[in-house]
Amino acid sequence: EAAVTQSPRSKVAVTGGKVTLSCHQTNNHDYMYWYRQDTGHGLRLIHYSYVADSTEKGDIPDGYKASRPSQENFSLILELASLSQTAVYFCASSDARDNNERLFFGHGTKLSVL
Amino acid sequence: SQWGEENLQALSIQEGEDVTMNCSYKTYTTVVQWYRQKSGKGPALIILIRSNEREKRSGRLRATLDTSSQSSSLSITGTLATDTAVYFCATDNSAGNKLTFGIGTRVLVRP
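Only a predicted model underlies this, so the values are computations on that prediction, with no experimental measurement involved.

Student: Please clarify how the overall build of chain B should be interpreted in this entry.
Tutor: Within chain B one finds zero helices and 11 strands. Listed N to C, the secondary structure of chain B is β-β-β-β-β-β-β-β-β-β-β in terms of helices and strands. Burial analysis of chain B (111 residues in total) assigns 50% to the buried set. A total accessible area of about 5,000 Å² is found for chain B, and carbon and sulfur atoms account for 49% of it.

Student: For this particular structure, what's the right way to read the interface of chain A and chain B?
Tutor: Often, the extent of an interface is quoted as the loss of accessible area on bringing the components together. Taken together, the contact pairs 24 residues of chain A with 22 residues of chain B. One can count zero salt bridges joining chain A with chain B. Where chain A packs against chain B, one counts three residue pairs in polar contact (both at pLDDT 80 or more). Those elements that provide at least two residues to the side of chain A that touches chain B are strand 4 (31-38), strand 5 (42-51) and strand 9 (87-94) of chain A. It is strand 5 of chain A that provides the largest number of residues to the side of chain A that touches chain B, a total of five residues. Across the side of chain A that touches chain B, the residue classes tally to 10 nonpolar, nine polar and five charged.

Student: Honestly, the pattern of salt bridges in this entry has me stumped. Any pointers?
Tutor: Oppositely charged side chains can pair when the atoms bearing their charge come close. Counted under the stated rule, the structure contains eight salt bridges over all chains. The partner of aspartate 83 of chain B in a salt bridge is arginine 36 of chain B, with the nearest N and O atoms 3.4 Å apart. Residue aspartate 83 of chain B is found in the loop between strand 8 (71-76) and strand 9 (85-91), and its partner arginine 36 of chain B is found in strand 4 (residues 31-37); the two are separated by 47 residues along the sequence. Judged by its relative accessible area of 1%, aspartate 83 of chain B falls in the buried class. Judged by its relative accessible area of 18%, arginine 36 of chain B falls in the buried class. Look at the salt bridges and you will find they share partners, linking Arg36, Asp38 and Arg44 of chain A into a network.

Reading the values: the criteria
- Residues numbered from 1 in each chain as written.
- Chains lettered and ligands numbered in written order.
- Predicted model: local features only at pLDDT ≥ 70, side-chain atom pairs only at ≥ 80, totals over all residues.
- Heavy atoms only, no water.
- Helix = DSSP H or I, 4+ residues; strand = E, 2+ residues; numbered from the N terminus.
- Buried < 20%, exposed > 50% of the residue type's maximum accessible area, 1.4 Å probe, protein only.
- Areas by Shrake-Rupley, 256 points an atom, 1.4 Å probe, with all protein chains shown as cover.
- Contact = heavy atoms within 4.5 Å.
- Salt bridge = Lys/Arg side-chain N within 4 Å of Asp/Glu carboxyl O.
- Polar contact = N/O pair within 3.5 Å; in protein donor to acceptor, adjacent residues only side chain to side chain.
- Nonpolar A, V, L, I, M, F, W, Y, C, P; charged D, E, K, R; others polar.

This is the structure:
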């Protein structure tokens, strides 16, 4: 079974502070993604990456940066956290060779910005 | 941008009943994926249907796809309390590897 691990599981941050969410996958997948989940909005794509050392903007990238230092690791960075970034964040991976484009998700990180 | 959307937001049913939820999308997709998210967990794929298929079955799950109306449905027969979850449909934009998720349908199955 594919494994995507996120850390931390939950975090409380102060407005204006820097937050880093980490994701590690042991699936040997090329693609990794960061989604944000808010009630009433489903899952929205923030950033994604097809290969190490390269990231792409998703549908809602403003206020977020991403870093893919290796195939296994993908981080989401909030340089100046804001109240509106309170949400649950999910990391996912997928296999470039999988024609079904199936995503494997982590358990999520609940971020509260106060 | 392409998006998927469920028409029903929340359903409460008795165990053993059948349930159907719908999803409509705005632009072409090569596949519709249905994910289930249980409380405190990440979403997990439960069934997918490709644009050249009209129906797909997997156990108690049945997905349909109507490309002319750009809509898909997910049915669960003989629901169990363990089917309680939020269900999302997801579509791609034919460029692949970038899924767009709908708002989700919350299903509560009462034992």
